[in-house]
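Architecture at a glance
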Amino acid sequence: MAKIKRNRNGTRKDVIIAKAAKLFREKGFSATSMRDLAEHVGVEAASLYNHISSKAEILQEICFKIANNFMSHIEEVDATPNKSAIEKIQAILRFHIKQMLDNYEEVYVSDREWKHLTDPYLSNIQSQRRTYRQRFASVIEDGIRKGEIKPIDAPTAVLIMLHAVSGIESWHRSKKKIAGEVLEDNMVQILVDGLRKQA
């Protein structure tokens, strides 16, 4: 029977989660079976249960890993002294974009498939997503108060920016791509310049 090969710095469970994320993105969580996953990993389905209990557990792992990464980063950025609101927003956006470029499968699944979670996980992820957007909006509101940012509706600005970043999915599908670094710089410039209050 074939064994699951570990990545250099990961466990067999990490390999399963990475393969599952790719399948969930391609087929959707609901349409992916444990048999599909076993075939994708290259083992019999029974072998997967030595590492995970269900595909629902995999979805939980993916969603909360990504949510926790984003929350940890925004807390770190927001707590950085002597950073303007514009600089904080740039840092937050660059992190989002890099995650979409470098960790695409899991970020995509976390963003699109979280609705298939069941309680208490569903309620928890909804709360985390809401808290994250509020935290992001508070950075913008602070910039408005300090005169760095135009007087706009901060929650709306957050939704627009996050939707723009999720659109990087199209970049992944494109046959003719600009470099990821160029995409990142262009997106940050366009999105942040739309917020910046002119002197």
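Residues numbered from 1 in each chain as written. Predicted model: local features only at pLDDT ≥ 70, side-chain atom pairs only at ≥ 80, totals over all residues. Heavy atoms only, no water.

Let's talk about the pattern of salt bridges
- As enumerated under the stated definition, the model contains 20 salt bridges in all.
- Across the pair E105 and R25 runs a salt bridge, and its minimum N-O distance is 2.4 Å. Placement of E105 in helix α6 (residues 104-112) and of R25 in helix α1 (residues 12-27) is noted, with a sequence separation of 80 residues between them.
- In this structure E105 comes out as partly exposed when scored by relative accessible area, which is 21%. (Salt bridge = Lys/Arg side-chain N within 4 Å of Asp/Glu carboxyl O. Helix = DSSP H or I, 4+ residues; strand = E, 2+ residues; numbered from the N terminus. Buried < 20%, exposed > 50% of the residue type's maximum accessible area, 1.4 Å probe, protein only.)

Here's the deal with the side chain of H96
- Within the secondary structure, H96 is located in helix α5 (residues 85-102).
- In this structure H96 comes out as buried when scored by relative accessible area, which is 9%.
- Ignoring anything within four residues of it in the chain, the contact list for H96 reads F70, Y132, L162 and V165. (Contact = heavy atoms within 4.5 Å.)

A few points about the packing of aromatic side chains
- This model, assessed by the stated rule, comprises 6 aromatic pairs.
- Taken together, a centroid distance of 6.3 Å and an interplanar angle of 65° make the contact between F64 and Y121 edge-to-face. Remark: Y121 occurs in helix α7 (residues 121-145) and F64 occurs in helix α4 (residues 55-78); sequence separation between them is 57 residues.
- Residue classification places F64 among the buried residues on the basis of a relative accessible area of 14%.
- Using a relative accessible area of 34% as the deciding quantity, one classes Y121 as partly exposed.
- Lying across the ring of W171, K177 places its NZ or CZ 4.6 Å from the centre. (Phe/Tyr/Trp six-rings, centres within 6.5 Å; stacked < 30°, edge-to-face > 60°. Lys NZ or Arg CZ within 6 Å of the ring centre and 35° of its normal.)

From the geometry alone we can't say anything about function, so treat these as descriptive.
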